[in-house]
Protein chains: 2
Amino acid sequence: MALFEKVAIVGLGLIGGSLARALRRADQCASISAYGRRAAALQQAVEQGIIDHYCLDVRAAVRGADLVVLATPLSTTEPLLRAMREVLQPGCIITDVGSAKGVVVAAARAALSPEQLGLFVPAHPIAGTEQSGVEASFAELFEDHVVITTPLAETDRAAVQRITQLWQGTGARVVELSVEHHDEVLAATSHLPHVLVYTLIDCLARLQDQAEIFAYAAGGFADFTRVASSSPEMWRDICLANADPLLTVLDRFEDHLQDARQAIAAADGARLLEIFSRAKQCRDDFAQARGR
Amino acid sequence: MALFEKVAIVGLGLIGGSLARALRRADQCASISAYGRRAAALQQAVEQGIIDHYCLDVRAAVRGADLVVLATPLSTTEPLLRAMREVLQPGCIITDVGSAKGVVVAAARAALSPEQLGLFVPAHPIAGTEQSGVEASFAELFEDHVVITTPLAETDRAAVQRITQLWQGTGARVVELSVEHHDEVLAATSHLPHVLVYTLIDCLARLQDQAEIFAYAAGGFADFTRVASSSPEMWRDICLANADPLLTVLDRFEDHLQDARQAIAAADGARLLEIFSRAKQCRDDFAQARGR
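Right, let's walk through the structure included here. Source: prediction; values computed, not measured.

1. With respect to the overall build of chain A
Looking only at helices and strands, one finds 13 helices and nine strands in chain A. Rg of the C-alpha trace for chain A: 21 Å, near the compact-globule value of 19 Å for 292 residues, within the 12% margin. Taking the principal axes of the C-alpha coordinates as reference, chain A spans close to 65 × 40 × 35 Å. Buried positions account for 60% of the 292 residues belonging to chain A. Looking at chain A alone, contacts between residues at least 24 apart form 75% of all its contacts between residues at least 6 apart. Accessible surface, chain A: about 11,100 Å² in total, of which carbon and sulfur atoms supply 49%. Where the 26 positive side-chain charges of chain A centre and where its 36 negative ones centre are 2 Å apart.

Next comes the structure, spelled out in structure tokens:
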């Protein structure tokens, strides 16, 4: 028996599209409807069998659904929840895929009724590519990746269990964190690296003739900067949505960068070697744990 | 006819070993000797046919060579040149593979005779992996990569031409830059990224339980941090050797980072989007120019 009858995916982009494909593959739902803004892309998704039908009106898309998955930019969470709350079927589970959870939880508290809030399971699949759009989606995106859920004190545990099963069906490993802890960890390992890379490239581009400076960059630079090919709109939203934890870790990083700067300026090789060696050890451990 | 009779590679690591393999493949020299410190690895390189013989004494390794390639850590350049200068055969061309050129040129000026200095061709293959050692070397390392030469006013042009041919034979594209320009460009696109990544990982590792924080890091983080698996000793040397250009670009970067910080703190989405969008455009152009 399918885990859900009718799944409504609100926002059929890379994540929403990949989830739809994975749900199909695992036979976890009877039908999938999608809300989006680009009719041509949605029509193509229907023709490819990724979804069953689409609506350009979010209320029509979620009507009758027993699961609604929000997969739109963070800034749209509250308006979309407000738009759909009157038509959500009683007992409908709501979840999301947002990269910052504090702001999503605040939006849900503001927009949903107490009963709806109890069935809202905040979640974040730690997966993606630098591509965007349903055209770049694929069913294997979540395999061997982590999905973090951040249930609230009032969240229905049966709903958490069903969302956990849903993600496990895509091949992901599901872990539970508090909203605050999630936002701190992601600020450190994802949001700050994006800010550093976007900022560095913009800095270098304005330093001198950019075509020339990048012409001598090697493979390491290509790897290091890959995250900057991600959607600027999405990352603007994430940085603003998770501003406090991001600024906290950014300030810590700047202190460390000043330490490294002083070691270089003072030709303190021992100090530099200490920083670099500790970092290499951590990075090697991380790479080994990931199995590559 | 081979381009060189006897090539001596001083330092048989990833770069020196890969160059030896590539020279063999292109049949560019009659024999290859190597100097190194790890007898077991050197013996294995002989058995694998990567080199013809090895010496643990640098004078013995370079005696009779018509080309000496320095491929050791930057801090060893001057002592090694001093050690070998008395035994270098007249007319022997000397080159190096160092990641910073100002410091190498200063060492060559200090250690070599005027005739030897005229035959010294500073060079830098922009290629590598996060691995180290001759065990990780491979003949294709330089294919479709750039090698920058930074000849001096007094450098013999025929020697530059032969070093250019040597690198072209490995499949690389050779370009000429001034010493100063090379060091500025590499500080920006290579040395600063390494400092940022080493520093960030060290910062995060001390922020909280490191095993946990890295457990939730995704593929983007693995790409972003790959450069931190490189040799800490090598990168300490590079940062100290190229300290002035590195500190200059680091200070510029910190100004930009403060701008981005202020945009986040002020919830200035328009400003953030501007920075992120310009960076994405640059990064996409760079990736397209590299053909991936």
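2. Some words on the nonpolar core
Across soluble globular proteins, nonpolar side chains show a tendency to be buried alongside one another. Counting 151 residues, the largest nonpolar core has A:Val68, A:Met84, B:Val68 and B:Met84 as the members making the most contacts within it. Dropping the residues within four chain positions of it, B:Val68 is found in contact with B:Ala8, B:Val10, B:Val62, B:Met84, B:Leu88, B:Cys92, B:Ile93, B:Ile94 and B:Thr95.

3. So, the pairing of strand 2 (residues 29–35) of chain B
The side chains of a regular strand alternate between both faces of the sheet. Residues and elements named next belong to chain B. Across the seven residues of strand 2, six count as buried, placing the element largely inside the fold. In this structure, strand 1 (residues 4–10) lies alongside strand 2, joined through six bridges in parallel fashion. Residue pairing across strands places lysine 6 opposite serine 31, the latter belonging to strand 2. A crossover connection joins strand 1 to the parallel strand 2 through helix 1 (residues 14–25); in handedness this β-α-β unit is right-handed. When strand 2 meets strand 3 (residues 53–55), the two strands line up parallel, connected through three bridges.

4. With respect to the packing of aromatic side chains
Overall, the coordinates contain 13 aromatic pairs over all chains when judged by the stated rule. When the ring of A:Phe221 is compared with that of B:Phe286, the centres are 5.3 Å apart and the planes differ by 80°; the resulting orientation is edge-to-face. Here A:Phe221, found in helix 10 (residues 219–225), pairs with B:Phe286, found in helix 13 (residues 269–290), and the two come from separate chains. Here the two residues A:Phe221 and B:Phe286 agree in accessibility, since each one is buried.

5. Topic: the side chain of A:Arg283
Relative to the helices and strands, A:Arg283 resides in helix 13 (residues 269–290). The side chain of A:Arg283 is buried and forms no salt bridge, while B:Glu130, the nearest opposite charge, is found at 5.1 Å. At a separation of 3.2 Å, a polar atom in the side chain of A:Arg283 contacts the side chain of B:Thr225. Every residue in contact with A:Arg283, bar those within four places of it in the chain, is listed here: B:Ile201, B:Ala222, B:Thr225, B:Arg226, B:Ala228 and B:Ser229.

6. Thoughts on the sheet that holds strand 7 (residues 123–125) of chain B
Residues and elements named next belong to chain B. Overall, mixed pairing links the three strands, which are arranged 7-8-9 in an open sheet. In this open sheet, the two edge strands, each paired with only one partner strand, are strand 7 and strand 9 (173–176). In this sheet, neighbouring strand axes are inclined to one another by 20° on average, regardless of whether the strands run parallel or antiparallel. With three bridges connecting them, strand 7 and strand 8 (residues 146–149) associate as antiparallel partners. The residue of strand 8 that forms the bridge with proline 125 is valine 147.

7. Quick word on the sheet that holds strand 1 of chain B
All names here are of chain B. In space, the six strands of this open sheet follow the order 3-2-1-4-5-6, with parallel pairing throughout. The outermost strands of the open sheet, each flanked by one partner alone, are strand 3 and strand 6 (120–121). Of the strand pairs in this sheet, strand 5 (residues 93–96) and strand 6 are connected by two bridges, and their pairing is parallel. Across the sheet, residue threonine 95 finds its bridge partner in strand 6, namely valine 121. Sheet strands in contact with helix 4 (residues 77–84) are strand 1, strand 2, strand 4 (67–70) and strand 5, and its direction is about 155° off that of strand 4. Sheet contacts for helix 7 (residues 157–168): strand 1, strand 4, strand 5 and strand 6; angle to strand 5, the most-contacted strand, approximately 55°.

8. Focus: helix 2 (residues 39–47) of chain B
Residue pairs three or four apart in sequence face the same way in an α-helix, which turns once every 3.6 residues. Residues and elements named next belong to chain B. Turning to helix 2, its buried residues number three or more, namely Ala41, Leu42 and Ala45. Viewed along the axis of helix 2, the buried residues span an arc of 100°, placing them on a single side of the element. Away from its buried face by more than 90 degrees, helix 2 exposes Ala40 and Glu47. Structurally, helix 2 contributes buried residues whose contacts are with strand 2 and strand 3. Glycine 49 lies just past helix 2 and shows a positive phi near 80°.

Rules used throughout
Residues numbered from 1 in each chain as written. Chains lettered and ligands numbered in written order. Predicted model: local features only at pLDDT ≥ 70, side-chain atom pairs only at ≥ 80, totals over all residues. Heavy atoms only, no water. Helix = DSSP H or I, 4+ residues; strand = E, 2+ residues; numbered from the N terminus. Rg over C-alpha atoms; globule rule 2.2 N^0.38 Å. Buried < 20%, exposed > 50% of the residue type's maximum accessible area, 1.4 Å probe, protein only. Contact = heavy atoms within 4.5 Å. Areas by Shrake-Rupley, 256 points an atom, 1.4 Å probe, with all protein chains shown as cover. Lys, Arg positive; Asp, Glu negative; His and termini not counted. Charge placed at Lys NZ, Arg CZ, Asp CG, Glu CD. Core = buried A, V, L, I, M, F, W, Y, C linked by side-chain atoms within 4.5 Å. Pairing = 2+ DSSP bridges. Right-handed = clockwise from strand over helix to strand, strands pointing away. Phe/Tyr/Trp six-rings, centres within 6.5 Å; stacked < 30°, edge-to-face > 60°. Salt bridge = Lys/Arg side-chain N within 4 Å of Asp/Glu carboxyl O. Polar contact = N/O pair within 3.5 Å; in protein donor to acceptor, adjacent residues only side chain to side chain. Axes fitted to C-alpha atoms, helices over the stretch in contact; angles between N-to-C directions. Arc of directions from axis to C-beta.

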